[in-house]
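The residues making up each chain are set out below.
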Amino acid sequence: MTSVAIYARVSSARQKKDQTIGSQTAALRAHAATAHLELPEEWVFEDEGHSGATLVRPALERLRDLVAQVGVDVVLCYAPDRLARKFAYQALLVEEFARAGTRVEFVRGPRGDSPEDQLMVQFQGMFAEYEKAQLMERYRRGKTYRARSGAVNVLGGAPFGYRYLRKTPECGATYEIIESEAALVVELFRRYTDDGASIADLTRWLTGSGTPTRTGKTRWDRSVVWGMLRNPAYQGQAECLFLNPAAAGQRLRVRNGSFPQAFGERSL
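Residues numbered from 1 in each chain as written. Predicted model: local features only at pLDDT ≥ 70, side-chain atom pairs only at ≥ 80, totals over all residues. Heavy atoms only, no water.

With respect to the overall build of the protein
Here is step 1 of the chain: Along its length, the protein carries nine helices and eight strands.
Here is step 2 of the chain: In the protein, which comprises 268 residues, the proportion classed as buried is 37%.
Here is step 3 of the chain: Contacts in the protein between residues at least 24 apart in sequence constitute 63% of all its contacts with a sequence separation of at least 6.
Here is step 4 of the chain: When the accessible surface of the protein is summed, it comes to about 15300 Å², and 51% of that surface belongs to carbon and sulfur atoms. (Helix = DSSP H or I, 4+ residues; strand = E, 2+ residues; numbered from the N terminus. Buried < 20%, exposed > 50% of the residue type's maximum accessible area, 1.4 Å probe, protein only. Contact = heavy atoms within 4.5 Å. Areas by Shrake-Rupley, 256 points an atom, 1.4 Å probe, with all protein chains shown as cover.)

What follows is the structure in structure tokens.
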């Protein structure tokens, strides 16, 4: 009897929560039963919450080991994009399995080895890859917009002198100035630019003032002081990095707007 292993995958936590992988597995089991394929229970492989844009997936790794070591007649997958989002990865896996004497079949997709079937797999892979790139671009643009409008804390945490106010139903997220801390920041910059105080002098002065750091420490470190002097937030600016498929590493600069410029116009 022909042996079969099945592979199912969902990429997002939401799909995992909605148990869409369960429906995939059920369809694969039904297809295997209809085709009279022998399915050992331990040959059911499921990757929940893993992207198809990478080959580093726990269940897929186990499936590849099984095919290489034991030998499987058929690997059954729901659709080509469930096996991999990128056509190059689909082709790699299909070829790898074929070298081990295993053919890949899809419940929704081409099932033969004819040139027409292979062409259909290629088209489906290209469309899946395009769809993935389109979703990433929409996500990047949405996150960029939320950052510019102040709905996202682009700094990861409010710097000394600021308090981050989360978004509420009544108003959007914003930064609020803490006046007592702001006075120290202004004096810090004055001493550094006008008096020529060193980082060590400023560190001793802040420690002697008895004011705790943002993390609650009573002793100030030189690295913290130097980070404050270089922080563009005190000029009403912030930068964050978003992964852009078209230009990886592109910087987004958020100016003023939702970030109050409260510490003067001094530039270091």
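A look at unusual backbone geometry
Here is step 1 of the chain: Although it is not a glycine, His 36 sits at a positive phi angle of roughly 60 degrees.
Here is step 2 of the chain: Tracing the backbone through its elements, the reader meets His 36 in the loop between helix H2 (20–34) and strand S2 (44–48).

Looking at the packing of aromatic side chains
In this description, a pair of aromatic rings is defined by centroid distance and the angle of the planes.
Here is step 1 of the chain: Here the structure, examined in full by the defined rule, presents three aromatic pairs.
Here is step 2 of the chain: Ring centres 5.3 Å apart and planes at 85 degrees place the aromatic pair Phe 160 and Trp 220 in the edge-to-face group. With a gap of 60 residues between them, Phe 160 in the loop between helix H6 (115–148) and strand S5 (162–165) and Trp 220 in the loop between helix H8 (199–208) and helix H9 (222–230) connect regions that are remote in the sequence. Considered together, Phe 160 and Trp 220 belong to a single accessibility category, that of buried residues.
Here is step 3 of the chain: Geometrically, the ring pair formed by Phe 189 and Tyr 234 is edge-to-face, given 5.8 Å between the ring centres and 65 degrees between the ring planes. You can see Phe 189 sitting in helix H7 (residues 179–193) and its partner Tyr 234 sitting in the loop between H9 and strand S7 (237–241), a full 45 residues away along the chain. (Phe/Tyr/Trp six-rings, centres within 6.5 Å; stacked < 30°, edge-to-face > 60°.)

Re the packing of helix H3 (residues 58–69) against helix H5 (residues 87–99)
Here is step 1 of the chain: In contact at an axis separation of 10 Å, H3 and H5 are set at 25 degrees when each is read in the N-to-C sense. Compared by their axis directions, H3 and H5 come out roughly parallel. Note that H3 runs across H5; the crossing there is left-handed. Here Leu 60, Leu 63, Arg 64 and Val 67 of H3 come into contact with H5, specifically with Leu 92, Leu 93, Glu 96 and Phe 97. (Axes fitted to C-alpha atoms, helices over the stretch in contact; angles between N-to-C directions. Parallel < 35°, antiparallel > 145°, perpendicular 65-115°, else oblique. Left-handed = near helix turned anticlockwise from the far one by under 90°.)

Quick look at the side chain of Thr 211
Here is step 1 of the chain: With respect to the secondary-structure elements, Thr 211 resides in the loop between H8 and H9.
Here is step 2 of the chain: Among the polar contacts made by the side chain of Thr 211, one reaches the side chain of Ser 209 at a distance of 3.3 Å. (Polar contact = N/O pair within 3.5 Å; in protein donor to acceptor, adjacent residues only side chain to side chain.)

Remarks on the nonpolar core
Generally speaking, nonpolar side chains in soluble globular proteins are found buried as a group.
Here is step 1 of the chain: Counting residues in hydrophobic clusters, the biggest one holds 20 residues, and the most contacted among them are Phe 160, Leu 188, Val 225, Met 228 and Tyr 234.
Here is step 2 of the chain: The set of elements that each furnish at least two residues to this core consists of S5, H7, H8 and H9.
Here is step 3 of the chain: For this core, the element with the highest residue contribution is H7, accounting for four residues.
Here is step 4 of the chain: Other than its neighbours up to four places away in sequence, Phe 160 contacts Glu 181, Leu 184, Val 185, Thr 211, Pro 212, Arg 214, Trp 220, Met 228 and Tyr 234.
Here is step 5 of the chain: With 18 residues, the next largest nonpolar core counts Ala 59, Val 67, Val 75 and Leu 93 among its residues. (Core = buried A, V, L, I, M, F, W, Y, C linked by side-chain atoms within 4.5 Å.)

Notes on the pattern of salt bridges
Here is step 1 of the chain: Under the counting rule described, the total for this entry stands at 12 salt bridges.
Here is step 2 of the chain: Residue Glu 41 is joined to Arg 29 by a salt bridge in which the shortest nitrogen-to-oxygen separation is 2.6 Å. Within this pair, whereas Glu 41 is found in the loop between H2 and S2, its partner Arg 29 is found in helix H2, the two being separated by 12 residues in sequence.
Here is step 3 of the chain: For Glu 41, a relative accessible area of 53% corresponds to the exposed category.
Here is step 4 of the chain: Linked by salt bridges that have partners in common, Glu 187, Arg 190, Arg 191 and Asp 195 make up one network. (Salt bridge = Lys/Arg side-chain N within 4 Å of Asp/Glu carboxyl O.)

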